[in-house]
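Now for the letters of each chain:
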Number of protein chains: 2
Amino acid sequence: MEKESVVSKIQGAITRNSELFEELANLYKIFGDASRVKILCALTQSEMCVSEISEFLSITQSAVSHQLRILKTSNLVKTRRNGKSIIYSLTDDHVRTIIDCGMEHIAE
Amino acid sequence: MEKESVVSKIQGAITRNSELFEELANLYKIFGDASRVKILCALTQSEMCVSEISEFLSITQSAVSHQLRILKTSNLVKTRRNGKSIIYSLTDDHVRTIIDCGMEHIAE
DNA sequence: TGAACGTATGAACAATTGCTCATATATAGG
DNA sequence: CCTATATATGAGCAATTGTTCATACGTTCA
């Protein structure tokens, strides 16, 4: 019953790290929206303020702010103020890696 | 206006590839559920049938089947029959890469 | 100080999601 | 064939999601 024990080992590893998978799913959930991925991808190229993002996404400034809040809460982006504008940028380079990773899959 | 043109170049690139980002988001949406990530992660270790998955996830066989259908429709998993069982396995190794990529981020 | 601009936020709503329940399909064994 | 077992599927439902609208907050500048 070699196969049997392999499966139960996997079962053990997964149930033991259940929280980790919950976290992982939550991370991917953030990338699972076109608006947010576009924002993140744009930010890999250059920091941007809310109105700039709102413009090229063709969605309301309000909608952008809501999405940015999600990204900030998840620590994927950080902000700084420049006069009346708030400039958003990526907190680290993992975002780029994750996007690339997915793009590679899509490219088949 | 150096900065201005950078932003508009990004805007161009993103709106031009809008469909691609839609696809990307849809891919991540699949990983954005704990049950599905667990299934996918388990399958990186070994192929498994529905009842095995159902057992270690502690969710209904029906729920598992529904999730597996999503994974199959997205071509992330493939199936073969073995007697009364249907054995599920990954279609390729991108899944492993994507999961690793996310795990790396969580590890901080 | 007050108007104008940029951003954040809460409520409301439609759309989507993931589950359960009931039931259908398919295969193996008697 | 008939039954038991394994899986698939559709309907229904509660929970979540992403948007818009209205409005509040914060900064600049006249």
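Everything discussed here concerns the structure shown above.
Source: prediction; values computed, not measured. (Residues numbered from 1 in each chain as written. Chains lettered and ligands numbered in written order. Predicted model: local features only at pLDDT ≥ 70, side-chain atom pairs only at ≥ 80, totals over all residues. Heavy atoms only, no water.)

A. Spotlight on the interface of chain B and chain A. Contacts between the two partners involve 44 residues from chain B and, on the opposite side, 44 residues from chain A. Regarding the contact of chain B and chain A, the summed buried area is about 4200 Å², with carbon and sulfur atoms giving 74% of it. By the criterion of area lost to chain A, the three top residues of chain B are Tyr28(B), His105(B) and Ile106(B), representing 16% of everything that side buries. On inspection of chain B and its partner chain A, the count reaches zero salt bridges. At the surface where chain B touches chain A, the tally comes to six residue pairs in polar contact (both at pLDDT 80 or more). Those elements that place two or more of their residues in the side of chain B that touches chain A are α1 (2-16), α2 (18-31), α3 (34-45), α4 (50-57) and α6 (94-106) of chain B. It is α2(B) that contributes the most residues to the side of chain B that touches chain A, 11 residues altogether. Along the lines of polarity and charge, the residues of the side of chain B that touches chain A split into 23 nonpolar, 10 polar and 11 charged. (Contact = heavy atoms within 4.5 Å. Buried area = accessible area lost by both parts, 1.4 Å probe. Salt bridge = Lys/Arg side-chain N within 4 Å of Asp/Glu carboxyl O. Polar contact = N/O pair within 3.5 Å; in protein donor to acceptor, adjacent residues only side chain to side chain. Helix = DSSP H or I, 4+ residues; strand = E, 2+ residues; numbered from the N terminus. Nonpolar A, V, L, I, M, F, W, Y, C, P; charged D, E, K, R; others polar.)

B. Examining the packing of aromatic side chains more closely. Scanning all chains against the criterion turns up three aromatic pairs over all chains. Judged by centre distance (5.4 Å) and plane angle (55°), the rings of Phe31(A) and Tyr28(B) are tilted. Pair noted here: Phe31(A) is in helix α2 (residues 18-31) and Tyr28(B) is in helix α2, and the two residues belong to different chains. The residues Phe31(A) and Tyr28(B) share a single accessibility class, namely buried. Each residue in the set Tyr28(A), Phe31(A), Tyr28(B) and Phe31(B) is aromatic and connected to the rest through ring pairs, giving one cluster. (Phe/Tyr/Trp six-rings, centres within 6.5 Å; stacked < 30°, edge-to-face > 60°. Buried < 20%, exposed > 50% of the residue type's maximum accessible area, 1.4 Å probe, protein only.)

C. Quick peek at the state of the cysteines. The final tally for this structure, using the stated rule, is zero disulfides over all chains. Cys41(B) takes part in no disulfide bond, and the closest cysteine sulfur, belonging to Cys101(A), lies 14 Å away. (Disulfide = S-S within 2.5 Å.)

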